[in-house]
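# Results of the structural survey
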Number of protein chains: 2
Amino acid sequence: MEKIFRVFSLKHLLLVSIALNVSLILRVMNLSEKEILNSWSQEEELAKGHVSNNRHLSSSSSSSSSSFANTRIEAEDGGEKVINLDHVIAVAIIMLSLPGLTKTDFIDVMLLMFFFQCSGDPTMYEKYWQQVGDKTTIVIPGWQSLSYFSDVSNICWFLEPDFAKEVVRLHRVVGNAITENRHLVVGTGSTQLFQAALYALSPQDALEPISVVSAAPFYSSYPSITDCLKSGLYKWAGDAHSFKKDGPYIELVTSPNNPDGFVRQSVVNRSEGILVHDLAYYWPQYTSISFPADHDLMLFTVSKSTGHAGMRIGWALVKDTEVAKKMTKYIELNTIGVSKDSQLRAAKVLKVLSNSCEPNSSEGECFFEFNHRQMATRWKQLRMAVQKSGLFSVPEFPPQFCTFLGRDFKPQPAFAWLKCEQEEIDDCESFLRGKKILTRSGRHFGFSSKYVRISMLDRDQNYNLFVERLSNIIIS
Amino acid sequence: MEKIFRVFSLKHLLLVSIALNVSLILRVMNLSEKEILNSWSQEEELAKGHVSNNRHLSSSSSSSSSSFANTRIEAEDGGEKVINLDHVIAVAIIMLSLPGLTKTDFIDVMLLMFFFQCSGDPTMYEKYWQQVGDKTTIVIPGWQSLSYFSDVSNICWFLEPDFAKEVVRLHRVVGNAITENRHLVVGTGSTQLFQAALYALSPQDALEPISVVSAAPFYSSYPSITDCLKSGLYKWAGDAHSFKKDGPYIELVTSPNNPDGFVRQSVVNRSEGILVHDLAYYWPQYTSISFPADHDLMLFTVSKSTGHAGMRIGWALVKDTEVAKKMTKYIELNTIGVSKDSQLRAAKVLKVLSNSCEPNSSEGECFFEFNHRQMATRWKQLRMAVQKSGLFSVPEFPPQFCTFLGRDFKPQPAFAWLKCEQEEIDDCESFLRGKKILTRSGRHFGFSSKYVRISMLDRDQNYNLFVERLSNIIIS
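Residues numbered from 1 in each chain as written. Chains lettered and ligands numbered in written order. Predicted model: local features only at pLDDT ≥ 70, side-chain atom pairs only at ≥ 80, totals over all residues. Heavy atoms only, no water.

Per an unreviewed UniProt entry, chain A carries the name Alliinase C-terminal domain-containing protein and comes from Xanthoceras sorbifolium. Per its UniProt entry, chain A bears the Sequence similarities (unreviewed entry) comment "Belongs to the alliinase family." For the record of chain A, the UniProt heading Cofactor (unreviewed entry) holds the text "pyridoxal 5'-phosphate". (UniProt positions renumbered as here; feature names shortened; annotations may be inferred.)

Structure follows, in structure tokens:
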């Protein structure tokens, strides 16, 4: 409490009290944050590194759940998209002290602030798993998994055998990747595995760091993750299309691509190139499975396949033994392995998922069928909203035969890559923010700011509100 | 299977078959690996980075639990300490092809190879948690924790509130650290938090990387973790005692120290120094709690406090808001948060632990009392073995009053820092390896190779075998 008194004068405390009342009134008015606000920014914003704090707002409170100082200084845009009630209260305080504030202005800004469930979390998937019930429930006794080790017979000694087994089975069921003669390396999400791959593929004694490239628009976190520690081993070198430097390089191929959903291949195609394939979205709810992927190094994650982002579990399929060993070494150095609890839980979830999709399964509807239908509905809604508005466009994809679902369909990506078509709108993100739709600007993806990326994986309620708002933006 | 045929000729297959028979015979002779071999190397060996593969041995097999190629090339010493049966079989093959091999030689090498449960795992703690029973069991349904977020009201947005609450409570119960007016940052083990601290404390725009130092003997993984990515932000600069460079620096203070168990303070003491306190072992089973630690940045881990190394959960107590924000940012970039499953499980374990140690608890014996007694017994055994042998020494510590246990006692560290006292033994690790005791040489800790570090946290059976062997090494 001392800290609070240091920061706040009596006048400030009075304002805090007023703001708290406002917050309570808003709650009484049943203007629930969740119901009011869309939040279409993405989890990658969390990991994008270059925090440009456009607005700095400070607040302080003691947390009810702990005695820690719970001070936050937050960026409203451009930076972190995590925001808290303290922040909202701080803004409320400032706004209430402004002369000539209208009730509408106040509520508008408050609404804009309530976007803390942003993140493009894959919460859409909760519905399926709730429906499945207790089959995926895991029970772990207190004396289990005290050891660092999971499987000493494996290069990746921290890989839980049950998880490995279910990963292999899932790829067999779906037919989206070759697992034979591959090493499986588990990671704390595919983000850690991406860094493990950079470590493993970079020459250790080169005179300069190896170039890391990806074709624009590329995953917005690649540059910041690559460069955050100013590594002497590797360095972000931008858009693969314009990469001209001689010598070895690493090219990241995300397919289907984040943010635009297109199926991709490498673009540099020189002899000294090393490829990393990020196949996080190569699952049948998003895109047709055309063939089992057969690349040297392929990355996957439960966050985008089953929706369990909170587990922080990803995996790599690695052809080369030395590369698998070096990736394992990186994860040893970085985190001495990967949570056993989450691996065991992931194993159970993957097992239930595969069970549901095996031919002649009696386990309820196949996970991918269910969520394919969800995505189809959402993309239909989005295209109708885009059509109704007339101000935007989204990519058109050709249909392709899916070996898993046994029918043709058009891709229905986890993100919508929306373009503001009006000539006078250069900054689509700002334009949409003015309409209370929070998105991520194309410039973060090495592309034009006429584009924004929008998550398609939020809960129904938020998604529906978003398409409703979008459809109502018409030329005035 | 194709891969196997590519690697192995018919002759090799015959040798594999012979080796498998040898392995089976050994098993029939009931020479169980677990019973035969002590393994006193440490988990940090996994994370030490500079793998000097003295012996390269290759083998290949198809795993029974998956279809992955299960090829391993392993270092028998100096490098990774993880070893598998394939490796043993490969060694067996090579040995069987050597002329003049005696049965004793063969069995000796086989025994030495069976050290795959090395690692200094804190498996000693299994006994307590088994005794506690179901109270620490956790149940997680499949639809829980899909989101990336845990607590958007916190700077560390991926921190589970229940975990935060139990950490604060535990420090209050034990009295080993101040938590008031601190930010709590959770990490994938304290190893990740150490890197987060380096990232947060290094100047972002300095002309050269900041020096990172620690007084020798220091934790053997510090150098390799610090330098593995050749960061332009920070650089390992060795023993703090001999650090003379002007300008800012980061000093790592491990107290009680790993490997030698002594209570420590910073040694450089210059105005531009930034301190990181690694307090992983500041718990009453190891050392007297003299006062609640009150440093700017303190690291803790469940691996060494409760013994749950497989959870990969650590925490930092951070005074400065900007540092806490940067550490959080690093963990966002590195792994987009920390496993929710493990945080929830850790919360439950810490809760049961605190319950057991509250005054007038009716929850069975206090965790720290129980394990303090275990450690006391082990140190007594060790000192007797050292005395009986006459060839070694271990540190002597003065007794100190423990505010938690309410009595004086001498430190009983998680590691024994053993010295080979005989003048002619320069390499204590090699000497002990010859006696079938696997240790970690002092040279990895920036110190003399007359010293070795020995884990005191293995299961009873292994520990007892170790002290028995040690006590039987006498001057011949």
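Alright, that's what it looks like, and here's the rest.
Moving on, we come to the overall build of chain A. Check the secondary structure of chain A and you find 15 helices and 16 strands. Out of the 476 residues belonging to chain A, those deemed buried represent 64%. Sequence-distant contacts, at least 24 apart, represent 72% of the contacts inside chain A between residues at least 6 apart. Working note: accessible area of chain A is about 17,300 Å², and carbon and sulfur atoms make up 54% of it. (Helix = DSSP H or I, 4+ residues; strand = E, 2+ residues; numbered from the N terminus. Buried < 20%, exposed > 50% of the residue type's maximum accessible area, 1.4 Å probe, protein only. Contact = heavy atoms within 4.5 Å. Areas by Shrake-Rupley, 256 points an atom, 1.4 Å probe, with all protein chains shown as cover.)

On to the pairing of strand 10 (residues 314-318) of chain B, then. Residue and element names in this part refer to chain B. Strand 10 sits mainly inside the fold: five of its five residues count as buried. Judged by which residues are buried, strand 10 turns out to be covered on both faces: Gly 314, Ala 316 and Val 318 on one side and Trp 315 and Leu 317 on the other are all buried. As paired strands, strand 4 (residues 183-187) and strand 10 are joined by five bridges and run antiparallel to one another. Residue Val 186 lies in a different strand from strand 10, and its bridge partner there is Trp 315. Where strand 9 (residues 297-301) meets strand 10, five bridges bridge the pair, whose relative direction is antiparallel. Across the sheet, Leu 299 pairs through a bridge with Ala 316, a residue of strand 10. (Pairing = 2+ DSSP bridges.)

We now examine the sheet that holds strand 16 (residues 451-455) of chain A. All names here are of chain A. In space, the four strands of this open sheet follow the order 11-14-16-15, with antiparallel pairing throughout. For this open sheet the edge positions go to strand 11 (392-393) and strand 15 (440-441), each flanked by a neighbour on one side alone. Bridge count for strand 11 against strand 14 (residues 415-420) is two bridges, and the pairing is antiparallel. Following the sheet pairing, Ser 393 is matched in strand 14 by Lys 419. The sheet contacts of helix 13 (residues 367-389) involve strand 11 and strand 14, and relative to strand 14 the element is tilted by about 5°. (Axes fitted to C-alpha atoms, helices over the stretch in contact; angles between N-to-C directions.)

Every α-helical turn comprises 3.6 residues, leaving residues that sit three or four positions apart pointing alike. Its 13 residues give helix 8 (residues 189-201) of chain B an end-to-end C-alpha distance of 19 Å, which sits within 8% of 18 Å, the value for a rise of 1.5 Å per residue. Across the 13 residues that make up helix 8 of chain B, a large majority, 13, are buried. (Expected span 1.5 Å × (residues − 1).)

Here the focus is the nonpolar core. Within the largest apolar cluster, 230 residues are counted, with the highest numbers of intra-cluster contacts made by Met 327, Leu 382 and Leu 470 of chain A together with Met 327, Leu 382 and Leu 470 of chain B. If sequence neighbours within four positions are ignored, Leu 382 of chain A has contacts with Val 394, Ala 416, Met 456, Tyr 463, Phe 466, Val 467 and Leu 470 of chain A. (Core = buried A, V, L, I, M, F, W, Y, C linked by side-chain atoms within 4.5 Å.)

With that settled, the discussion passes to the state of the cysteines. All names here are of chain A. Under the definition given, this model contains four disulfides over all chains. A sulfur-sulfur distance of 2.1 Å marks the disulfide that ties Cys 357 to Cys 366. Handedness of the Cys 357-Cys 366 disulfide follows from its S-S torsion of about 85°: it is right-handed. Take Cys 357 and Cys 366: they sit in the same class, and that class is buried. Described in terms of the sequence order of its bonded cysteines, the disulfide pattern of chain A is 1-2, 3-4. (Disulfide = S-S within 2.5 Å.)

Aromatic ring pairs are defined here through the distance separating the ring centres and the angle between the ring planes. All names here are of chain A. A complete count under the given rule lists 62 aromatic pairs over all chains for this structure. Seen in terms of ring centroids, Phe 392 and Phe 431 are 6.3 Å apart; in terms of plane orientation they differ by 50°. Their pairing is tilted. Here the residue Phe 392 occupies a position in strand 11, and Phe 431 occupies one in helix 14 (residues 428-434), the gap between them amounting to 39 residues. Arranged with centres 5.5 Å apart and planes meeting at 80°, the rings of Trp 417 and Phe 445 form a pair that is edge-to-face. Residue Trp 417 is located in strand 14, and its partner Phe 445 is located in the loop between strand 15 and strand 16; the two are separated by 28 residues in the primary sequence. Here Trp 417 and Phe 445 have matching classes, each one buried. Taken together, the ring pairs in this structure connect Tyr 125, Tyr 128, Trp 129, Phe 163, Trp 283, Phe 300, Trp 315, Phe 367, Phe 368, Phe 370 and Phe 404 into an aromatic cluster. In this arrangement the basic side chain of Arg 453 is found over the ring face of Phe 415, its NZ or CZ atom lying 3.8 Å from the centre. (Phe/Tyr/Trp six-rings, centres within 6.5 Å; stacked < 30°, edge-to-face > 60°. Lys NZ or Arg CZ within 6 Å of the ring centre and 35° of its normal.)

Before going further, it helps to examine the packing of helix 13 of chain A against helix 15 (residues 460-471) of chain A. Residues and elements named next belong to chain A. The interhelical angle for the contact between helix 13 and helix 15, taken along N-to-C directions, is 20°, at an axis separation of 7 Å. Taken together, the axes of helix 13 and helix 15 lie roughly parallel to each other. As for the relative orientation of helix 13 and helix 15, their crossing is right-handed in sense. Of helix 15, the residues touching helix 13 (which contributes Gln 374, Arg 378, Trp 379, Gln 381, Leu 382, Ala 385, Val 386, Lys 388 and Ser 389) are Asp 460, Tyr 463, Asn 464, Phe 466, Val 467, Leu 470 and Ser 471. Grouping the constituent residues of the contact of helix 13 with helix 15 by class yields eight nonpolar, five polar and three charged. (Parallel < 35°, antiparallel > 145°, perpendicular 65-115°, else oblique. Left-handed = near helix turned anticlockwise from the far one by under 90°. Nonpolar A, V, L, I, M, F, W, Y, C, P; charged D, E, K, R; others polar.)

What follows deals with the environment of Pro 209 of chain B. All names here are of chain B. Relative to the helices and strands, Pro 209 is located in the loop between helix 8 and strand 5 (210-214). For Pro 209, a relative accessible area of 24% translates into the label partly exposed. Other than its neighbours up to four places away in sequence, Pro 209 contacts Ser 231, Gly 232, Leu 233, Tyr 234 and Lys 235.

Our focus in this paragraph is the confidence of the model for chain A. When pLDDT is averaged along chain A, the result is 82; 75% of the residues meet or exceed 70. Low confidence marks residues 107-119 of chain A, where pLDDT is under 50. Its contacts with residues over four positions away, or in another chain, come to 47 contacts. (pLDDT = per-residue confidence, 0-100.)

The phi torsion of most residues other than glycine is negative, and most of the peptide bonds are trans. Residues and elements named next belong to chain A. Residue Ala 216 is joined to Pro 217 through a cis peptide bond whose omega torsion reads -5°. At the junction of Ser 255 and Pro 256, the peptide bond is cis and its omega measures out at -5° in the coordinates. Note on placement: Pro 256 falls in the loop between strand 7 (249-254) and strand 8 (273-278). With a phi angle near 60°, Asn 360 is a residue other than glycine that sits in the positive phi range. Secondary-structure assignment places Asn 360 in the loop between helix 12 (340-357) and helix 13. Owing to a relative accessible area of 81%, Asn 360 belongs among the exposed residues under this scheme.

Another aspect to go through is the environment of Leu 252 of chain A. For Leu 252 of chain A, the position within the fold is in strand 7. Ignoring anything within four residues of it in the chain, the contact list for Leu 252 of chain A reads Phe 194, Val 212, Val 213, Ser 214, Tyr 222, Trp 236 and Val 276 of chain A.

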